[in-house]
Amino acid sequence: MIVYKLTDAGGYTRRGRSGETHWAIGATVAPQGEGTDPCGPGVLHVYASPEEAVLYDSIHGGYGATARCFCVEGDVTGDDGLKQWTTKAVTVLEEV
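The paragraphs below set out a description of the structure included in this document.

## Brief notes about the sheet that holds strand E4 (residues 28-29)
What links the strands of a sheet is backbone hydrogen bonding, and the strands pair in either a parallel or an antiparallel sense.
So, point 1. The antiparallel open sheet is built from 4 strands, whose spatial order is E1-E6-E9-E4. Edge positions in the sheet fall to strand E1 (2-7) and E4, since each of these pairs with one other strand and no more.
So, point 2. As defined by bridge partners, E1 adjoins strand E6 (residues 68-73) across 6 bridges and the pair is classed as antiparallel. Each residue of the ladder has a partner; that of Tyr4, found in E6, is Cys71.

## A closer look at the nonpolar core
Soluble globular proteins: nonpolar side chains tend toward being buried together.
So, point 1. Residues Val3, Trp23, Val29, Leu44, Val46, Phe70, Val72, Val90 and Val92 constitute the largest nonpolar core, which totals 9 residues.
So, point 2. If you list the elements that add at least two residues to this core, you get strand E5 (44-46), E6 and strand E9 (90-95).
So, point 3. Discounting residues that sit within four places of it in the chain, Phe70 has contacts with Val3, Tyr4, Lys5, Thr7, Gly11, Trp23, Ile25, Val92, Glu94 and Glu95.
So, point 4. Leu6, Tyr47, Ala53 and Tyr56 belong to the second-largest nonpolar core, a separate cluster that totals 8 residues.

## Topic: the pairing of E9
So, point 1. Looking at chain direction, E4 and E9 are connected through 2 bridges and run antiparallel. Among the inter-strand pairings, Thr28 is bridged to a residue of E9, identified as Thr91.
So, point 2. Where E6 and E9 come together, 4 bridges link them in antiparallel fashion. Looking at E9, one finds that Val72 is bridged to Val92.

## Re the sheet that holds E5
So, point 1. The antiparallel open sheet is built from 3 strands, whose spatial order is E5-E8-E7. The sheet is open, and its two edges are formed by E5 and strand E7 (78-79), each paired on a single side.
So, point 2. Of the pairings in the sheet, the one linking E5 to strand E8 (residues 84-86) comprises 3 bridges and is antiparallel in character. From the neighbouring strand, His45 faces E8, where its bridge partner is Trp85.

Criteria and cut-off values
- Residues numbered from 1 in each chain as written.
- Predicted model: local features only at pLDDT ≥ 70, side-chain atom pairs only at ≥ 80, totals over all residues.
- Heavy atoms only, no water.
- Pairing = 2+ DSSP bridges.
- Helix = DSSP H or I, 4+ residues; strand = E, 2+ residues; numbered from the N terminus.
- Core = buried A, V, L, I, M, F, W, Y, C linked by side-chain atoms within 4.5 Å.
- Buried < 20%, exposed > 50% of the residue type's maximum accessible area, 1.4 Å probe, protein only.
- Contact = heavy atoms within 4.5 Å.

What follows is the structure in structure tokens.
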């Protein structure tokens with residue numbers, strides 16, 4: 001499944017905090033912890049479209065005007081209506 005990930009200008013999420021993750025074209029990114037809690041360390045958050053990623057940035061990432069959006073491929077394992085998540089690794093395909 002194709003989904004989208006918003007990052008800071010350097011391609012990071014959670015920079016300087018536990019769970020810091022770098023997103024780059026061609027990389028395989030996996031959750032850094034265990035568990036299936038949507039807000040826990042065992043999941044990666046993604047969005048169904050680039051528009052959703054930008055729309056929800058202010059309440060989820062807070063990256064603002066310098067945000068980058070990546071197209072990623074992976075299996076979505078959960079959805080709460082605002083974001084989707086996976087407990088599995090995803091592959092970063094391209095920047096959009």
